[in-house]
Amino acid sequence: MLFVLVYVSLLSIIVAVSHGSFLVHPQSQYAELGSSTTLRCRFSNPSTFVLVSHNQTQIGPINSESFFYEYSNENATLLLRNISHMHAGDYQCIAIFNHTHHILSEVAVITIAVPPGISSNQITTTSANQFASGNQFRIPFEFTGTPEPTFVLLQLAENGRQLVVNGPANGNVFSWLGNELIITAPIPKLSGYYRLLASNQFGTQEFDFELEFTVPNNYGIYEIEGHPNKENFILQERVTLSCITKQSNVIGSWYKQS
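Residues numbered from 1 in each chain as written. Predicted model: local features only at pLDDT ≥ 70, side-chain atom pairs only at ≥ 80, totals over all residues. Heavy atoms only, no water.

Draft legend 1. Summary view of the packing of aromatic side chains. Within the structure shown, the criterion is met by 14 aromatic pairs. Here Tyr194 and Phe209 contribute two aromatic rings whose centre-to-centre distance is 6.2 Å and whose plane-to-plane angle is 20°, an arrangement assigned as stacked. A residue pair is termed long-range when its members are at least 10 positions apart, and Tyr194 in strand 19 (residues 192-200) and Phe209 in strand 20 (residues 203-214) qualify at 15 residues. You'll find Tyr194 and Phe209 in the same group, each marked buried. (Phe/Tyr/Trp six-rings, centres within 6.5 Å; stacked < 30°, edge-to-face > 60°. Helix = DSSP H or I, 4+ residues; strand = E, 2+ residues; numbered from the N terminus. Buried < 20%, exposed > 50% of the residue type's maximum accessible area, 1.4 Å probe, protein only.)

Draft legend 2. Structural view of the sheet that holds strand 12 (residues 129-132). Sheet architecture is open: five strands sit in the order 12-20-19-15-16, paired in mixed fashion. Each edge of the open sheet is held by one strand with a lone partner, namely strand 12 and strand 16 (162-164). Recorded for the sheet is a direction-independent mean angle of 40° between the axes of neighbouring strands. (Pairing = 2+ DSSP bridges. Axes fitted to C-alpha atoms, helices over the stretch in contact; angles between N-to-C directions.)

Draft legend 3. Looking closely at the side chain of Thr48. Along the chain, Thr48 turns up in the loop between strand 3 (37-43) and strand 4 (49-54). Contact partners of Thr48, with chain neighbours within four places excluded, come to His19, Phe43, Asn73, Glu74, Ala95, Ile96 and Phe97. (Contact = heavy atoms within 4.5 Å.)

Draft legend 4. How the structure looks around the state of the cysteines. Applying the stated criterion across every chain, the model contains one disulfide. With its sulfur 2.1 Å from that of its partner, Cys41 forms a disulfide with Cys93. Since a negative S-S torsion denotes a left-handed disulfide, the Cys41-Cys93 link at about -95° is left-handed. Of this pair, Cys41 sits in strand 3 while Cys93 sits in strand 8 (residues 89-97), placing them 52 residues apart in sequence. Taken as a pair, Cys41 and Cys93 share a single burial class, namely buried. (Disulfide = S-S within 2.5 Å.)

Draft legend 5. Seen up close, the sheet that holds strand 17 (residues 174-177). Across the sheet, three strands lie side by side as 13-18-17; this open sheet has antiparallel pairing. The outermost strands of the open sheet, each flanked by one partner alone, are strand 13 (136-140) and strand 17. Along the sheet, successive strands turn relative to each other by an average axial angle of 25°, direction set aside. The pairing of strand 17 with strand 18 (residues 180-184) spans four bridges and is antiparallel.

Draft legend 6. Quick look at the environment of Glu142. Mapped onto the secondary structure, Glu142 falls in strand 14 (residues 142-146). Taking the C-alpha atoms as reference points, Glu142 and Asn121, separated by 21 residues in sequence, lie 8.8 Å from one another. If we skip the residues at most four places from it in the chain, Glu142 touches Gly117, Ile118 and Ser119.

What is shown is where atoms sit, not what they do.
Take a look at the structure:
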């Protein structure tokens, strides 16, 4: 029995090779709504008839407003016109010989492209979003788009320059966990205007908002002390700074003013 199975398998391979193979396979791609795109395939045997299927249903050779089909014995070209959601799915070329045998090409997938979008139910774009300094905040954003967009957070400076704030230099304050922006122990100095950019190959979406980091009255600082307690130091001398606050459960951060 084992010998027979191996023999049949090898015979099938020999038959397939003798009739040829696909030299060009249809290629997967993204397509925007309303656009057009083309799928092509080519078989090595010029005496073989080639058809195209969409989601396992044969297309053509009848042409329509949605599909334009051209074929010869070894070639097939399918033009998808005025792309809509009905065009999405799997496409495959079929090489037919002797009316009974066939060879399939690789499967190409047409995916409807969607430009990126950004939204948040916790951030407003019309007024300042206030947060208390020294705490940690999690702000979820919703990103849409196909293919999945990449995103980056920028700080808008007064002179028009855009500063990337979620890079390594500010990773201790701004970071991402999935689609959630995490702000850890911000200081009032970081208050200002921000822009979130989402991009894919079909577009870019901007989401501008203002962040205001305030210091609550009960978070006031009584005193800052230096050890040793003096104003002038020599190079490489070590100094320890400490501060006393009105509350004990306060997350703070130090920064140099100039």
